[in-house]
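# Close look at the chain arrangement
Chain by chain, the residues:
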Amino acid sequence: MILERFAYDPEYTMGRLFLDDVVLWTIEQPWNNNQIGKSCVPDGEYDLEPHSSKDHPHTWALVNHGLGIAHFPTPGVLRAACLIHSANWAFELEGCIAPGLTKVISKKAGHEYAMSVQNSRGAMDKLRSALGTIQNPKLIIRPYEGAVYTGG
């Protein structure tokens, strides 16, 4: 699975997620120097481990020990529980990735107009179906060659 990030804004990071014939939009927090709960995860290759909690059932945790990203907090880990789960806005995330079936520019809860993804639960269903048959799934995160950087 490949996530190509194409827009880096001070309020969000947008991308496209590709897995076989499944193509989804993604939203994340902006890059904030890998701060816990405030930054998208660094570019790189990640193992995807099944994760299930009350708030995020049947999702995946990103793991790359070389980048300090683990499923659970352990000594030497910079960040833990960076998940792929449903959400629509970057401000709803704490360092995780949210897929959507579409992307839109809209206004929400007093925020300025911003990008969001729509139908994130539907996107998660597509992702669950596509990943369900893959043993030891991996995710490569990289910038798109023509990525747009704004404001920072």
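For the structure given in this document, a descriptive report is provided here. (Residues numbered from 1 in each chain as written. Predicted model: local features only at pLDDT ≥ 70, side-chain atom pairs only at ≥ 80, totals over all residues. Heavy atoms only, no water.)

### With respect to the layout of surface pockets
Taking a probe equal in size to a water molecule and rolling it over the atoms shows the remaining empty space. Taken as a whole, the largest pocket spans an internal volume of roughly 240 Å³. Taken together, 13 residues make up the lining of the largest pocket; nearest its centre are D55, H85, S86, A87 and R121. It is helix α1 (residues 120-131) that contributes the most residues to the lining of the largest pocket, 5 residues altogether. For the lining of the largest pocket, the per-class residue count stands at 3 nonpolar, 6 polar and 4 charged. (1 Å grid on protein atoms, 1.4 Å probe; cavity = no way out; pocket = protein on both sides within 12 Å on 5 of 7 lines; lining within 4 Å. Points joined across faces, edges and corners; volume = space filled by probe spheres on them. Helix = DSSP H or I, 4+ residues; strand = E, 2+ residues; numbered from the N terminus. Nonpolar A, V, L, I, M, F, W, Y, C, P; charged D, E, K, R; others polar.)

### Side note on the pattern of salt bridges
Overall, the coordinates contain 5 salt bridges when judged by the stated rule. Residues E4 and R142 are paired through a salt bridge, measuring 3.0 Å at the closest nitrogen-oxygen approach. Separated by 138 residues along the polypeptide, E4 in strand β1 (residues 2-8) and R142 in strand β12 (residues 138-149) bring together distant segments of the chain. Residue classification places E4 among the buried residues on the basis of a relative accessible area of 17%. Residue classification places R142 among the partly exposed positions, given a relative accessible area of 34%. Between E28 and R5 there is a salt bridge, with its nearest N and O atoms 2.7 Å apart. (Salt bridge = Lys/Arg side-chain N within 4 Å of Asp/Glu carboxyl O. Buried < 20%, exposed > 50% of the residue type's maximum accessible area, 1.4 Å probe, protein only.)

### Digging into unusual backbone geometry
Here D20, not a glycine, exhibits a phi torsion of approximately 55°, which is positive. On the secondary structure map, D20 appears in the loop between β2 (13-19) and β3 (22-28). Overall, D20 belongs to the exposed group, its relative accessible area being 70%. Of note, N119 is a non-glycine position whose phi angle comes to about 55°, a positive value. Residue placement: N119 occurs in the loop between β11 (114-118) and α1. Judged by its relative accessible area of 44%, N119 is partly exposed.

### Let's talk about the sheet that holds strand β9 (residues 98-100)
The 8 strands are arranged β8-β5-β4-β12-β1-β2-β3-β9 in an open sheet whose pairing can be described as mixed. In the strand order of this sheet, the two ends are held by β8 (83-84) and β9, each with one partner. For strand β5 (residues 59-63) and β8, the ladder comprises 2 bridges, and the chain directions are antiparallel. Each bridged residue has a counterpart across the sheet, and for A61 the counterpart in β8 is L83. (Pairing = 2+ DSSP bridges.)

### What to know about the environment of S53
Within the secondary structure, S53 is located in the loop between β4 (44-51) and β5. Polar contacts involving the side chain of S53 include one to the main-chain amide nitrogen of H56, which spans 3.1 Å. (Polar contact = N/O pair within 3.5 Å; in protein donor to acceptor, adjacent residues only side chain to side chain.)

### Brief notes about the side chain of T59
By the element assignment, T59 lies in strand β5. Judged by its relative accessible area of 4%, T59 falls in the buried class. Of the polar contacts made by the side chain of T59, one reaches the backbone oxygen of H56; its length is 3.1 Å. Among all residues touching T59, those that are not within four sequence positions of it are E49, P50, H51, L83, I84, H85, M124 and R128. (Contact = heavy atoms within 4.5 Å.)

### Comments concerning the nonpolar core
Generally speaking, a soluble globular protein has its nonpolar side chains buried in company with each other. M1, L48, L62, I84, L127, L139 and I141 are the most contacted members of the largest nonpolar core, which has 22 residues in total. Mapped by element, the contributors of at least two residues to this core are β2, β3, β4, β5, α1 and β12. In terms of residue count, the dominant contributor to this core is α1 (5 residues). When sequence neighbours within four positions are dropped, the list of residues in contact with L127 reads M1, L17, L19, L24, W60 and I84. One finds A7, I27, A61 and L83 within the second-largest nonpolar core, a separate group that totals 16 residues. (Core = buried A, V, L, I, M, F, W, Y, C linked by side-chain atoms within 4.5 Å.)

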